[in-house]
Amino acid sequence: MEVTCLLLLALIPFHCRGQGVYAPAQAQIVHAGQACVVKEDNISERVYTIREGDILMLQCLVTGHPRPQVRWTKTAGSASDKFQETSVFNETLRIERIARTQGGRYYCKAENGVGVPAIKSIRVDVQYLDEPMLTVHQTVSDVRGNFYQEKTVFLRCTVNSNPPARFIWKRGSDTLSHSQDNGVDIYEPLYTQGETKVLKLKNLRPQDYASYTCQVSVRNVCGIPDKAITFRLTNTTAPPALKLSVNETLVVNPGENVTVQCLLTGGDPLPQLQWSHGPGPLPLGALAQGGTLSIPSVQARDSGYYNCTATNNVGNPAKKTVNLLVRSMKNATFQITPDVIKESENIQLGQDLKLSCHVDAVPQEKVTYQWFKNGKPARMSKRLLVTRNDPELPAVTSSLELIDLHFSDYGTYLCMASFPGAPVPDLSVEVNISSETVPPTISVPKGRAVVTVREGSPAELQCEVRGKPRPPVLWSRVDKEAALLPSGLPLEETPDGKLRLERVSRDMSGTYRCQTARYNGFNVRPREAQVQLNVQFPPEVEPSSQDVRQALGRPVLLRCSLLRGSPQRIVSAVWRFKGQLLPPPPVVPAAAEAPDHAELRLDAVTRDSSGSYECSVSNDVGSAVCLFQVSAKAYSPEFYFDTPNPTRSHKLSKNYSYVLQWTQREPDAVDPVLNYRLSVRQLNQHNAVVKAIPVRRVEKGQLLEYILTDLRVPHSYEVRLTPYTTFGAGDMASRIIHYTEPINSPNLSDNTCHFEDEKICGYTQDLTDNFDWTRQNALTQNPKRSPNTGPPTDISGTPEGYYMFIETSRPRELGDRARLVSPLYNASAKFYCVSFFYHMYGKHIGSLNLLVRSRNKGVLDTHAWSLSGNKGNVWQQAHVPISPSGPFQIIFEGVRGSGYLGDIAIDDVTLKKGECPRKQMDPNKVVVMPGSGAPCQSSPQLWGPMAIFLLALQR
């Protein structure tokens, strides 16, 4: 197993005044994924254009110390309310298959507690083009027969799109326009939904009977293709017409099978028929087949409006509606109304009295009522009147009025409701009129005015009703405006006056009103009473968990505070340390009267007193716990992510170094940090290199630096850093470091591009060549690649190392060129040297050229170096001097030879100021690839000398 050793070059703590390297968050939004274009609109905001259904990927690049947290939010045309309400906490926002309604403004908010948060935004514009719709209309003034033989016809084409669509009208294959045909007019109507273009055929002519195509286009934006719809206009074209096989109102008995036919009486093209139901969908078991709707064994719940609609895109859709009524009766109620004129609420002899009876029925107007007294039909007289549709009562209500009530009028009255001749059971209601018939009173039983229960338990609220007859009791909330009962209703009826609640919660606390109903009893002013419900629940405390840090020997005060609870008081507070009960702390007299917190004081933090403290607070209903973790250990380091160019690559060795920087979080909260324990482990490996790094006193905002060396390209590493004080180990921080190749202008640091990173040091493929260079290593090579050409590994000889090469197999042809273009460099010296390794092995090798593209006055490509033919299965190095006169780029051009055995590769490209070495590379140092019969040069040593580190404090 490979073991990596680290050479420590320097540990440099920097001291900065004030906040040191702490800096507020800065943010920038960059895009990735399948964007069509990113542009600036007329108000200079960034607009990101993307096709509907593609992947939206936005990345928020942040700087600032400590590392800012990123939060994405969205406004303006949110596709999903859920997404708009719940933020996404991630530096990268990714939406699969974006929808048009997800367009709008996206905000990236970065904050780290230093200064104000950084907020950046970008507007996402989702592009789409729906299928167009085409409808045909006539002039309103012409309503005679086959109107398409004369007058004017309008073809209306509508589409939803973004950006706005362009319309093209065609007759057959000929494009129509105003100027070419006086018989047509094309215009955009006002007040239309979506985008619309109308083709007007004026004074219809014989040649106007043809096929018309509406083609819509968004000019191939985001690769969206054009769409079209065609309609054939003939002399028989007509809008749909319908008739029904039944009356528009159909009354049936429950259990019957219902069949309704919707018959077409006109329409060309042949209209499409569709049945719908309102409210709700078609009943379960209903079958809509063409124009026939069948409902087997119809029930009362199937009542409603059934709509038959015919469409053929000519004129307006034809619609016929059947109102299906299934006979039913329910909810028989009665009312006793004393003499209204005398404003009486009691039954008194010599005064008028009205008895009313009502049922909820379908159809309501077909219900008949019959009154009985003491089992016999009531006879009409001057003092006994039966009326229907009393304006003071619900519709279709029957009333029996007794004028000048006599003693002989006392008795039992029965009201019977029925559907004559229908198999629907009769409903009846009975009421007794006597001297004992009195209006109701309502009250709360003694001791039940206030009900106190614990959260989660059942509760019963009770009101007692007296009177004859006793009406139902209606319950509602009092103290919360428009509040609903736990059942979800604003009003709930209880026949016995008891409101039963299951598993009450704290939000059910409050005042409830009970009142008498005005039906099934006296039709008088309701009587009311109130019940108070108190729901007790355990306490809620803060902090639920707290990390308490303090230097050794210093005191600590722990406080557990009551936020809410019912009852709102602390009955007992118990402290434990590491699970063991502690003696009760002394009680402060002022807090003993109404305790709302509990405290524990530690005179000094020691190793023995460090650990977990628990405060259990009770209010007799339940308890809650505050947890405190007390220690003198140091907080975790804060890695610094804004180090400029932290990666340094090393020529030939395939190793790299990394500048690791960090600050110490709240160093003054505990004892001074004495040293750090550094652990570095290559990902996917088990062994780690561990090193102790001593430091002087570390201050807040002070930047510490450590250079990790001999890291293997292109591997990533996990770095763990733990501070140590006199107390011992503190909190550990970890991060992953990745190898990234530098993208810099040439400078004296002599940067080398190993092509180990996917960004290939900023090199790009030329868009004007025939094919592209390919990045690969021994692990990603095609196992079926052509033998006897190309390198088996890169210059380092490791299977993980990458290089760039051209693949010359089919479909490549003789002379095809592939160009790899460097970033643009600003010329700051007179001479530069381009050094690189090349591999040209195979009997069909073409040419490898190095060009310099000057951008001083225009673009000019100049040949600087060229090599052709088979050079063997070896990596060789070339040094090419160049002297650009202004900003420049270097170009590697591979030219395909006469056959497929002509792969050419390059690796380890260096651009350096100054002249090239006068002596060419020692032939003994040529890297011969395994299998060529020559020895290989040994790899550079991975084990450096003993680690030497420098400790400095710069003030």
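Now for a look at the structure at hand.

Rules used throughout
Residues numbered from 1 in each chain as written. Predicted model: local features only at pLDDT ≥ 70, side-chain atom pairs only at ≥ 80, totals over all residues. Heavy atoms only, no water. Helix = DSSP H or I, 4+ residues; strand = E, 2+ residues; numbered from the N terminus. Buried < 20%, exposed > 50% of the residue type's maximum accessible area, 1.4 Å probe, protein only. Contact = heavy atoms within 4.5 Å. Areas by Shrake-Rupley, 256 points an atom, 1.4 Å probe, with all protein chains shown as cover. Pairing = 2+ DSSP bridges. Disulfide = S-S within 2.5 Å. Salt bridge = Lys/Arg side-chain N within 4 Å of Asp/Glu carboxyl O. Core = buried A, V, L, I, M, F, W, Y, C linked by side-chain atoms within 4.5 Å. Axes fitted to C-alpha atoms, helices over the stretch in contact; angles between N-to-C directions.

1. Regarding the overall build of the protein chain
In step 1: For the protein chain, the helix and strand inventory stands at two helices and 71 strands.
In step 2: With 955 residues in all, the protein chain has 45% of them scored as buried.
In step 3: Put simply, 71% of the contacts in the protein chain that link residues at least 6 apart link residues at least 24 apart.
In step 4: Summed over all atoms, the accessible surface of the protein chain reaches about 48700 Å², with 50% contributed by carbon and sulfur.

2. Examining the sheet that holds strand 28 (residues 368–373)
In step 1: Spatial ordering of the open sheet is given by 29-28-32-33, a layout of four strands whose pairing is antiparallel. Edge positions in the sheet fall to strand 29 (376–377) and strand 33 (427–433), since each of these pairs with one other strand and no more.
In step 2: The sheet contact formed by strand 28 and strand 29 spans two bridges and is antiparallel. In the sheet register, Lys 373 faces strand 29, and the bridge partner there is Lys 376.

3. With respect to the state of the cysteines
In step 1: This structure, assessed with the given rule, holds eight disulfides.
In step 2: Two residues share a disulfide in this structure: Cys 262 and Cys 308, whose sulfurs sit 2.1 Å from each other. Around the S-S axis, the bridge from Cys 262 to Cys 308 shows a dihedral of about -90° and counts as left-handed. Within this pair, whereas Cys 262 is found in strand 20 (residues 258–268), its partner Cys 308 is found in strand 24 (residues 304–311), the two being separated by 46 residues in sequence.
In step 3: On the accessibility criterion, Cys 262 (4% relative accessible area) is buried.
In step 4: In this structure Cys 615 is not part of a disulfide, and its nearest cysteine sulfur, from Cys 560, lies 4.1 Å away.

4. Let's talk about the pattern of salt bridges
In step 1: The tally for this structure, following the rule as stated, stands at 36 salt bridges.
In step 2: Residue Asp 208 pairs with Arg 171 through a salt bridge whose shortest N-O separation is 3.0 Å. One end of the pair, Asp 208, is in the loop between strand 15 (195–201) and strand 16 (211–217); the other, Arg 171, is in strand 12 (residues 166–171), and 37 residues separate them in sequence.
In step 3: In this structure Asp 208 comes out as buried when scored by relative accessible area, which is 0%.
In step 4: For Arg 171, a relative accessible area of 16% puts it in the buried group.
In step 5: The salt bridge involving Lys 633 is made with Asp 731; its shortest N-O contact spans 3.1 Å.

5. A short note on unusual backbone geometry
In step 1: For the bond running from Asn 162 to Pro 163, omega is 5°, close enough to zero to count as cis.
In step 2: Along the chain, Pro 163 turns up in the loop between strand 11 (161–162) and strand 12.
In step 3: For the bond from Val 713 to Pro 714, the omega torsion is 0°, close enough to zero to count as cis.
In step 4: Note that Pro 714 resides in the loop between strand 56 (704–712) and strand 57 (717–725).
In step 5: In this structure, Glu 343 is a non-glycine residue whose phi angle is positive, near 50°.
In step 6: In this structure, Glu 343 sits in the loop between strand 26 (328–338) and strand 27 (353–362).

6. Concerning the side chain of Thr 397
In step 1: Turning to its location among the elements, Thr 397 is positioned in the loop between strand 30 (384–388) and strand 31 (398–402).
In step 2: Given the relative accessible area of 2%, Thr 397 is considered buried.
In step 3: Apart from the residues within four sequence positions on either side, Thr 397 is in contact with Ser 356, Cys 357, His 358, Thr 387, Arg 388, Asn 389 and Asp 390.

7. Brief notes about the nonpolar core
In step 1: One finds Tyr 763, Phe 836 and Phe 892 to be the most contacted residues of the largest nonpolar core, which totals 33 residues.
In step 2: Contributing elements (two or more residues each) for this core: strand 63 (803–806), strand 64 (817–821), strand 65 (832–840), strand 66 (847–854), strand 67 (860–868), strand 68 (874–882), strand 69 (888–895) and strand 70 (904–913).
In step 3: In terms of residues, this core owes the most to one element, strand 65, which gives five residues.
In step 4: Excluding residues within four positions of it along the chain, Phe 892 makes contact with Tyr 763, Trp 773, Ala 818, Arg 819, Leu 820, Phe 836, Asn 849, Leu 850, Ile 906 and Val 909.
In step 5: Judged by nonpolar contacts, the second largest core, of 29 residues, contains Ile 336, Val 359, Val 396 and Leu 400.

8. Focus: the environment of Ser 822
In step 1: You can see Ser 822 is positioned in the loop between strand 64 and strand 65.
In step 2: On the accessibility criterion, Ser 822 (1% relative accessible area) is buried.
In step 3: For the pair Ser 822 and Gln 765, spaced 57 residues apart in sequence, the C-alpha to C-alpha distance is 9.0 Å.
In step 4: Apart from the residues within four sequence positions on either side, Ser 822 is in contact with Gly 762, Tyr 763, Gln 889 and Ile 890.

9. Re the sheet that holds strand 20
Where strands meet in a sheet, backbone hydrogen bonds hold them as pairs that are either parallel or antiparallel.
In step 1: If you walk across this open sheet you meet the four strands as 18-20-23-22, and the pairing is antiparallel. Edge positions in the open sheet fall to strand 18 (238–244) and strand 22 (287–289), since each of these has one partner strand only. Strand-to-strand twist across the sheet, computed as the mean angle between neighbouring axes with direction ignored, equals 15°.
In step 2: Judged from the four bridges that link them, strand 20 and strand 23 (residues 292–295) form a sheet pairing that is antiparallel. Counted as the bridge partner of Val 258 is Ile 295 from strand 23.

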